[in-house]
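Here is how the chains run, residue by residue.
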Amino acid sequence: MNFLEERIKRDAVVKAGNILKVDNFLNHQMDVSLLDEIGREFFRRFSHKKVTKILTIEASGIAIAYPVAKEFGVPMIFAKKSKSVNIDGEMYVAEVVSYTHKNLNRIIVSKKFITSEDHVLIIDDFLANGCALDGLIAIVKEAGATVAGLGVAIEKGFQVGGKNLREKGYDLQSIAIVDEMNEADGSIVFRTQK
């Protein structure tokens, strides 16, 4: 069992609707030491690849992506879920359905931040159906850049996102893959990884 699986076993809560609540250490209140460890783990898994940018989606992805960018020594970009007055110029846009919030978001990234010369490592906190990662991949492809890999802190292995992305040929690395969760007794079963 790795460090993130141990933390999930100890502090996560299984809720109805296949929700794994990790807000006490990962996506509301954040354990910064754990985030640093996540950054080091993704660097270990992807350090053999050329990476020029880290891309994520607001808001929860930012805390995961920041220590990864720090380890690689490259800029981190986050896709915004709404256009604000401080975003100018041309933008890449993709539509993403949020599994957690059950809504459709148009995510945007300024075209000045991703070019065809970039090798982009996409990072996110959760993977369920893969909609957020699909949207981020679409932005990277629209830029003519290369997807260096996909890094996810927690993957729900019983949902289709991870399977679909791996079948498309992406190098998807998830630190913890949850194969089963039981709301009744709070049990969590992780997939054995190498």
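Everything numeric here is computed off the predicted structure, so don't read it as measured data.

*Asks:* Would you take a moment to explain the pattern of salt bridges for this structure?
*Replies:* Note on pairing: side chains with opposite charge can pair once their charged atoms come close. Under the counting rule described, the total for this entry stands at 13 salt bridges. Measuring nitrogen to oxygen at the nearest pair gives 3.0 Å for the salt bridge that ties Asp 171 to Lys 49. Here the residue Asp 171 occupies a position in the loop between α5 (161-167) and β9 (172-181), and Lys 49 occupies one in the loop between α2 (32-46) and β3 (53-57), the gap between them amounting to 122 residues. The class of Asp 171 is partly exposed, set by a relative accessible area of 23%. According to the relative accessible area criterion, Lys 49 is partly exposed, its value standing at 25%. Connected via shared salt-bridge partners are Arg 7, Arg 10, Asp 11 and Asp 31.

*Asks:* How should I be thinking about the packing of α2 against helix α3 (residues 60-72) in this particular structure?
*Replies:* To characterise two packed helices, one gives the angle between the axes of the helices and the distance between these axes. Relative orientation of the contacting elements α2 and α3 amounts to 55 degrees, with a least axis distance of 8 Å. With respect to α3, the element α2 is oriented oblique. Here α2 runs over α3; the crossing is right-handed. Residue-level inspection shows Leu 35, Asp 36, Ile 38, Gly 39, Arg 40, Phe 42, Phe 43 and Phe 46 of α2 in contact with α3, the latter providing Ala 63, Ile 64, Pro 67, Val 68, Glu 71 and Phe 72. When grouped by side-chain class, the residues that make up the contact of α2 with α3 number 10 nonpolar, 1 polar and 3 charged.

*Asks:* Any chance you could explain the sheet that holds strand β10 (residues 188-190) here in plain terms?
*Replies:* The pairing of strands in a sheet happens through backbone hydrogen bonds and is either parallel or antiparallel. Pairing is mixed across the open sheet formed by 6 strands, whose spatial order is β4-β3-β7-β8-β9-β10. Looking at the sheet topology across the chains shown, the edges are occupied by β4 (76-79) and β10. The average angle at which neighbouring strand axes cross in this sheet is 25 degrees, direction not considered. Of the strand pairs in this sheet, β9 and β10 are connected by 3 bridges, and their pairing is antiparallel. Counted as the bridge partner of Val 178 is Phe 190 from β10. Along the sheet face, α2 touches β7 (119-127), β8 (146-156) and β9 and points at about 115 degrees away from the line of β9. Strand contacts of helix α4 (residues 131-142): β3, β4, β7 and β8, with the helix running at about 165 degrees to β7, the strand carrying the most contacts.

*Asks:* Explain the environment of Asp 171 to me, please; I cannot follow it from the model alone.
*Replies:* Once the C-alpha coordinates of Asp 171 and Phe 158 are considered, the two residues, 13 residues apart in sequence, prove to be 19 Å apart. A polar atom in the side chain of Asp 171 sits 3.0 Å from the side chain of Lys 49.

*Asks:* Sorry, what's going on with the nonpolar core here?
*Replies:* Nonpolar side chains tend to gather and get buried jointly when the protein is soluble and globular. Formed by 35 residues in total, the largest nonpolar core has its most connected members in Leu 4, Ile 8, Leu 20, Leu 26, Ile 38, Ile 54 and Ile 154. Breaking this core down by element, the ones donating at least two residues are α1 (3-11), α2, α3, β7, β8, β9 and β10. Per element, the largest residue contribution to this core is 6 residues, and it comes from α3. Those residues within four positions of Ile 54 in sequence are excluded, and the remaining contacts are Ala 65, Val 68, Ala 69, Phe 72, Val 74, Pro 75, Met 76, Ile 77, Leu 121 and Ile 123. Ile 57, Ile 122, Leu 150 and Tyr 170 belong to the second-largest nonpolar core, a separate cluster that totals 27 residues.

Thresholds applied
- Residues numbered from 1 in each chain as written.
- Predicted model: local features only at pLDDT ≥ 70, side-chain atom pairs only at ≥ 80, totals over all residues.
- Heavy atoms only, no water.
- Salt bridge = Lys/Arg side-chain N within 4 Å of Asp/Glu carboxyl O.
- Helix = DSSP H or I, 4+ residues; strand = E, 2+ residues; numbered from the N terminus.
- Buried < 20%, exposed > 50% of the residue type's maximum accessible area, 1.4 Å probe, protein only.
- Axes fitted to C-alpha atoms, helices over the stretch in contact; angles between N-to-C directions.
- Parallel < 35°, antiparallel > 145°, perpendicular 65-115°, else oblique.
- Left-handed = near helix turned anticlockwise from the far one by under 90°.
- Contact = heavy atoms within 4.5 Å.
- Nonpolar A, V, L, I, M, F, W, Y, C, P; charged D, E, K, R; others polar.
- Pairing = 2+ DSSP bridges.
- Polar contact = N/O pair within 3.5 Å; in protein donor to acceptor, adjacent residues only side chain to side chain.
- Core = buried A, V, L, I, M, F, W, Y, C linked by side-chain atoms within 4.5 Å.

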